[in-house]
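Secondary and tertiary structure notes
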Amino acid sequence: MNERIENNLEEIKIDSQDKVRGFYTLLTNGSVVCLPDNEYLVPKYILSELVKEGIKFSIKKKE
């Protein structure tokens, strides 16, 4: 993946109790890549929207 694009993305996991609201919040705020098990690749600016909506999530460590 292009390094510039990769630096602007975060891999996150939404807590299971917030998966529906979290998914809806992601879809209404931009483009995301869906991964298995409530994990997503999202632009960093979307993280603030998740926080604003009270969605619990964790940022996955980059390898």
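The written sequence of each chain sets the order in which its residues are numbered from 1. Selection of residues for local features in this predicted model requires a pLDDT of at least 70, selection of side-chain atom pairs for listing and counting requires 80 or more, and totals for whole chains, interfaces and linings are taken over all residues. Hydrogens and water molecules were not included; the side-chain quantities draw on all heavy atoms of the structure.

A few words on the nonpolar core. Grouped burial of nonpolar side chains is what soluble globular proteins tend to show. Joining through side-chain atoms within 4.5 Å is the link that ties buried Ala, Val, Leu, Ile, Met, Phe, Trp, Tyr and Cys residues into a set, and such a set is a nonpolar core. Throughout this description, buried means an accessible area under 20% of the type-specific maximum (1.4 Å probe, protein chains only), exposed means over 50%, and partly exposed covers the range between. The biggest cluster of nonpolar side chains holds 10 residues, and these are I12, I14, L26, V32, Y40, V42, I46, L47, L50 and I55. Listed by contribution, the elements that provide at least two residues to this core are β1 (9–14), β3 (39–43) and α3 (45–52). Each helix is a run of DSSP H or I of at least 4 residues and each strand a run of E of at least 2, with the numbering of both proceeding from the N terminus. It is α3 that provides the largest number of residues to this core, a total of three residues. Look past the residues within four positions of V42 in its chain and what remains in contact with it is N8, L9, E10, I12, L26, V32 and L47. The contact rule is simple, with two residues in contact once any of their heavy atoms fall within 4.5 Å.

We now examine the pairing of β1. Two strands are said to pair when DSSP picks up at least two bridges between them. Here β1 runs beside β3; their pairing, made up of five bridges, is antiparallel. Paired with E10 across the two strands is V42, which belongs to β3. Two strands pair when backbone bridges link them, and β1 and strand β4 (residues 57–59) are joined in this way by three bridges, in the antiparallel orientation. Each bridged residue has a counterpart across the sheet, and for I12 the counterpart in β4 is I59.

Owing to its 3.6 residues per turn, the α-helix brings residues three or four apart onto one side. Three or more residues of helix α2 (residues 19–29) are buried, namely G22, T25 and L26. For α2, the angular spread of the buried residues around the axis is 100°, confining them to a single face. Projecting away from the buried face of α2 at angles above 90 degrees are the exposed residues V20 and Y24. Residues of α2 that are buried sit in contact with β1, β3 and α3. Looking one or two residues past α2, G30 carries a phi angle of roughly 150°, positive in sign. Directions pointing from the helix axis toward each C-beta atom define the arc.

Looking now at the pairing of β3. Where a strand is regular, its side chains alternate between the two sheet faces. Of all the five residues making up β3, four are buried; the element is thus mostly covered by neighbouring parts of the structure. Of the pairings in the sheet, the one linking strand β2 (residues 33–35) to β3 comprises three bridges and is antiparallel in character. Residue pairing for β3: V33 is matched across the bridge by L41. Here β2 hands over to β3 after three residues, with D37 in that stretch at a positive phi of 60°.

In this section: the confidence of the model for the protein chain. Overall, the prediction assigns the protein chain a mean pLDDT of 88, with 87% of residues at 70 or greater. Here helix α1 (residues 3–7) stands out as the least confident element of the protein chain, with mean pLDDT 58; β4 is the most confident, with 96. Confidence of the predictor at the level of single residues is captured by pLDDT, which takes values from 0 to 100.

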